[in-house]
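Notes for the structure review
So you can see what is in the structure, the chains are spelled out below.
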Amino acid sequence: MLLQKPPYKNLIPAASKSMLTIFALFMLLSMVMIAPDTAWSSSDAAAVAEPAGEAVENMPAPTMGPRDYRQIGSMSSRSFVWVVAQLHLFLAAFVLAVPLFVTVIEWIGVKTGDQRYDDMAHEFMKVSMTAYSLTALFGGTLAFSLFLLYPTFMGYMMEVFGNQVMVYALLFFLESGVLYIYYYSWYALRYGNKKYVHLTLGVLLNGVGTTLLFVANAWATFMMAPSGVDDAGVVTGGIWDIMRGPLWNPLNLHRFVANIAFGGAVVGAYAGYKMLSARTMAQRAHYDWMGYTANFIAVLAFLPLPFAGYWLMAEIYAYSQQMGITAMGGILAWLFIVQAVLIGTILLSANYYLWNGMSRCEGAKRYMWLIKYIAVTLVVSFLIWVTPHTLILSAKEIAALGGSHHPLLGPLGIMPAKNIAVNLMLIGTFLSFQLYRRADKVITVPWAGFGNALMVAIYLVAIANVIFLGVYFGYFTNTVYKVGSSVAQVVSTLIVIISGVVIDSMMFKGAKTLPVKWGHISNRGVYALFALPIAFTWLMALMGYVRSSVRTHWHVYTVMKDNSVDNYIPNIGHAGNMMTVATISFLLIILFIFWVASLSETKQALPAKQSAK
Amino acid sequence: MTTKAATKEVTAMDNDSRFINQEQGGIPVIVKVLAFMIFIILVFTGIANKLPQVEGQAPKDIKVDLGALTMDVYIAMGETLFKGKGTCTLCHNNLGRAPDMLVMNMEETAAERIKLAEYKGDAKDSESYFFESMVDPSKYVVPGYGKKGDPSPMPTIDKAPIGLSKIEMGAIVAFLQAKDGGEPTVELPTDAPAAAETASAPEPPKPAASAEEALTKYGCTACHAVLDSPSTIGPELKTVGSRSSKEEIRTSIINPSAVIAEGFPPIMPATFADQMMVKELEMIVDFLYESKGADTVQDASAETAPATEPEAAASTDTDQEGEK
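The text that follows walks through the structure, step by step, so that each part is easy to find.

Here is what the cut-offs are and how they apply
Residues numbered from 1 in each chain as written. Chains lettered and ligands numbered in written order. Predicted model: local features only at pLDDT ≥ 70, side-chain atom pairs only at ≥ 80, totals over all residues. Heavy atoms only, no water. Helix = DSSP H or I, 4+ residues; strand = E, 2+ residues; numbered from the N terminus. Buried < 20%, exposed > 50% of the residue type's maximum accessible area, 1.4 Å probe, protein only. Contact = heavy atoms within 4.5 Å. Buried area = accessible area lost by both parts, 1.4 Å probe. Salt bridge = Lys/Arg side-chain N within 4 Å of Asp/Glu carboxyl O. Polar contact = N/O pair within 3.5 Å; in protein donor to acceptor, adjacent residues only side chain to side chain. Nonpolar A, V, L, I, M, F, W, Y, C, P; charged D, E, K, R; others polar. Phe/Tyr/Trp six-rings, centres within 6.5 Å; stacked < 30°, edge-to-face > 60°. Patch = residues over 30% accessible without salt bridge, like charges linked within 9 Å, V, L, I, M, F, W, Y side chains within 5 Å. Areas by Shrake-Rupley, 256 points an atom, 1.4 Å probe, with all protein chains shown as cover. Axes fitted to C-alpha atoms, helices over the stretch in contact; angles between N-to-C directions. Parallel < 35°, antiparallel > 145°, perpendicular 65-115°, else oblique. Left-handed = near helix turned anticlockwise from the far one by under 90°.

1. Details of unusual backbone geometry
Looking along the chain, the bond that leaves B:Ala160 and enters B:Pro161 is cis, with omega of 10°. In this structure, B:Pro161 sits in the loop between helix H5 (126-135) and helix H6 (166-178). At A:Thr552, a position not held by glycine, the phi torsion is positive, near 50°. By relative accessible area, which is 30% here, A:Thr552 ends up partly exposed. Phi at A:Thr558 takes a positive value of approximately 70°, unusual for a residue other than glycine. For A:Thr558, a relative accessible area of 19% translates into the label buried.

2. Let's talk about the interface of chain B and chain A
Each partner contributes residues to the interface: chain B has 59 residues there, and chain A has 76 residues. For the pair chain B and chain A, the two sides together bury roughly 6,200 Å², of which 71% comes from carbon and sulfur. For the pair chain B and chain A, the interface holds zero salt bridges. Our count for the chain B to chain A interface comes out at six residue pairs in polar contact (both at pLDDT 80 or more). At the level of secondary structure, the elements contributing two or more residues to the side of chain B that touches chain A comprise helix H1 (3-14) and helix H2 (29-50) of chain B. The biggest single contributor to the side of chain B that touches chain A is H2(B), with 15 residues. Here the side of chain B that touches chain A is composed, by residue class, of 36 nonpolar, 13 polar and ten charged.

3. Focus on the pattern of salt bridges
Counted under the stated rule, the structure contains 16 salt bridges over all chains. Notably, a salt bridge pairs A:Asp440 with A:Lys441, separated by 2.8 Å at the nearest N-O pair. Residue classification places A:Asp440 among the buried residues on the basis of a relative accessible area of 0%. Between B:Glu79 and B:Lys83 there is a salt bridge, with its nearest N and O atoms 2.9 Å apart. Taken together, the positions of B:Glu79 and B:Lys83, both in helix H3 (residues 71-83) and four residues apart, correspond to about one turn of that helix. Assessed through its relative accessible area of 5%, B:Glu79 is described here as buried. Judged by relative accessible area, which is 24%, B:Lys83 ranks as partly exposed. Sharing partners across several salt bridges, the network here consists of A:Glu106, A:Asp118, A:Asp119, A:Arg190 and A:Lys195.

4. Section: the packing of aromatic side chains
Residue and element names in this part refer to chain A. Scanning the entire structure with this criterion turns up 37 aromatic pairs over all chains. Taken together, a centroid distance of 4.9 Å and an interplanar angle of 75° make the contact between Tyr117 and Trp289 edge-to-face. Of this pair, Tyr117 sits in helix H4 (residues 115-149) while Trp289 sits in helix H10 (residues 281-302); the two residues are 172 residues apart in sequence, bridging distant segments of the chain. The exposure classification of Tyr117 matches that of Trp289, with both residues buried. Seen in terms of ring centroids, Tyr270 and Phe594 are 5.0 Å apart; in terms of plane orientation they differ by 65°. Their pairing is edge-to-face. With Tyr270 in helix H9 (residues 248-276) and Phe594 in helix H21 (residues 572-599), this pair connects stretches of sequence that are 324 residues apart. Here Tyr270 and Phe594 have matching classes, each one buried.

5. Re a nonpolar patch on the surface
All names here are of chain A. Residues Phe307, Trp447, Phe450, Leu454, Leu494, Ile498, Val502 and Met506 make up a contiguous nonpolar surface patch of roughly 720 Å² in combined accessible area. For the nonpolar patch, the elements supplying multiple residues, two or more each, are helix H17 (448-475) and helix H18 (479-507). Assignment of secondary structure puts Trp447 in the loop between strand S1 (441-442) and H17.

6. Considerations on the packing of H3(B) against H6(B)
Residues and elements named next belong to chain B. Running from N to C, H3 and H6 point in directions that differ by 100°, and their axes come no closer than 7 Å. Classified by the interaxial angle, the pair formed by H3 and H6 is roughly perpendicular. Together, Met71, Tyr74, Ile75, Met77, Gly78, Glu79, Leu81 and Phe82 of H3 and Ile167, Glu168, Gly170, Ala171, Ile172, Ala174, Phe175, Leu176 and Ala178 of H6 make up the contact between the two elements. A per-class count over the contact of H3 with H6 returns 13 nonpolar, two polar and two charged.

7. Observations concerning the packing of helix H3 (residues 77-112) of chain A against H4(A)
Residue and element names in this part refer to chain A. At a minimum axis separation of 7 Å, H3 and H4 run at an interaxial angle of 155°. The angle between H3 and H4 places the two elements in the roughly antiparallel class. Pair H3 / H4 crosses with left-handed handedness. Broken down by class, the residue content of the contact of H3 with H4 amounts to 28 nonpolar, nine polar and two charged.

8. Side note on the side chain of A:His88
Residues and elements named next belong to chain A. Examined against the element boundaries, His88 turns out to sit in helix H3. Note on His88: relative accessible area 13%, which makes it buried. At 3.2 Å, the side chain of His88 and the backbone nitrogen of Gly139 are in polar contact. Setting aside its immediate chain neighbours within four residues, His88 contacts Thr135, Phe138, Gly139 and Leu142.

As structure tokens, then:
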């Protein structure tokens, strides 16, 4: 039995008690430091720095000159900080995300009583542990780089955020402590009620990690949409006013969800690599299952991301229409073509993996005839999505094309066509997922025929609705209806997903389960697990770049101008090259992490002499 | 795949310790995986490098010699500000985000608006209306373009992030008044305070020196038979002056969908109103109007050449030495 009842007195071990006490003291200290009515709050930071009784007014944001910027040799400061910050963010996203789904997997292990979930969760954490120290190293390098290369800017940020940055540092200490205890106590707190103490540690770890993320997000969103300061940048509010800008919560949600998708994709690649390198069928089966689980996590977290992104962009438009248009319809708009390629890669890879995974089960043969139709839909939709609206062409190219808009491709370049394409891709992906779930089932409920007919009808009506709304309101009415119809299209897609999950869960009651042969996926199918993290990583770099670039030539939008030599938005090619440098660097770091994680499993054979003894 | 089913099968496979026949001497898995991942990265990089490469330059502050400022230079400066630092064309374009001011006759529009009952401002003429619209855009919101709560989504132009100075706003007013053939009423800033003498203004881009250069610059020869081009994609323009008035030619350039020539597809870009400088547009209109037959082309180009001189002067009149 997994859960053995220990004596009550051991329910909370002494170590955990001490840790909880430290945590409570820490939280108390943090609250005192950021409370707006104390002398430690940011708005009173100047008063704290000066002798008592001499009130000093807060300073406005400084006007930047050449002396406010430094360089390391001839290296571009922006490029250096760009890569270091991106690597820190990649690693941080990974180490914050892994404990989130590890705790859930650990909980599933407790509920099902199967130790394999526990082992898988522990293995995911092992990969994350090496990444944690590297995150800290890159974080420290980033902080030093910023203070060295942008001292005046960082001085202003310290003036604004004051002691909040120390809260971040303290949270980091706490995160480290809880993380090490959580990982190293895995086997010490594995059974009985001790397991619940371990799970509590997991929840605590995620609570601290998520708080860290939100605190750091406030710095980024303050730079985009400053709050708690006046037009000149003088601090007028408390730290809570400064943190709680209009973009803070949308970014919090977006990064939280995106991190999970990213983390799932990275550990999926780990499982894929281990599977391809497996020496026994048992290992291959284990890592196939691990890869499937990781892919499931990544895709599940990925599906709501567009909605989180929509909220963030809507808030950006509400804050500044000019900023929104700069991102979506201005100089940065072309980047969304690259985004379409990346998201298309993610969806195609996820589908390809599911189709290949169906070879694990004989029951999947019933549905194989549908795959080619889904594949065609996905590819055609993908091509429509990446069709640009306007092109910058030479006179020769215009002549060859027959005008600036190709007569055939012109209508496919506008949003209504793309809305149809995206929704069809999401519906197609869900259909692949649904077929995969049904592959190992023989449905036995008496109303199976009706259930299937209902599901088919929902698909057909939704697809017809998505196409009709897009074509009619997109091409035959004015802009207002065009925008409104896209909401109805998304609702159609959501109805397919929600009704599919509900109808299937009802139909699966009492279903006969067919055998599944883990490890029997083709090697080619496993390569989809490597395409996913690459597309996610590049996508993260791209969207982070867009988010940062909407500030245009401002360090802090409307408050502090960027007067450095790098105060322009670089062209897409240059930005893409920077993203590639960051992604390849991250790839090499991740390989190092995987190697270190595997190293702990390697045992040297006993030398011959000692063996003989 | 349900959790329980997955668990059951993993259990079954877990005891299978059969050795998998690995290929001996083949390419190691790590090399294949790495090559695959780098290939995908390079595909993404290639796509990013194949797209149009445009840089978003920050507006540069330059000194303006107010003593030597002429109205032509001031109008040209206004046009550059309108399309550059002022970021007006980000919304005021043909995409429907805001009224397309480059196509509209703004003098007439202003005169009509200040008489409307919905107008809440104090402007009495186009000059004061344009100034007021920039510093207090909610005084009048064109129906269909407002938003809840805060009526106008337009930013206040004299504040960050745009932050135009009074001199710069005056230049935009001059441009809006002049672009449809009107006479600017805004006064040239000649006695500004010391601080304003170094008003920031973006460097005006160099206009085409002749009508021929402008026609080539904007790719007209790609589709139209004009100059040396024999292209038949669009209507021929070597004799356009014999069948169209100046106004018709002007309209065809800034709003090509207004009248589509019979037998030709509606493919002419509608972006020239945003791209062309006023002087360039007028040079092209004059040149095409004079093109009534093959023999007149050379004469017409010769006649239009002197017309470019004030524009050239406009570029040199401005002290382009940056403050930084």
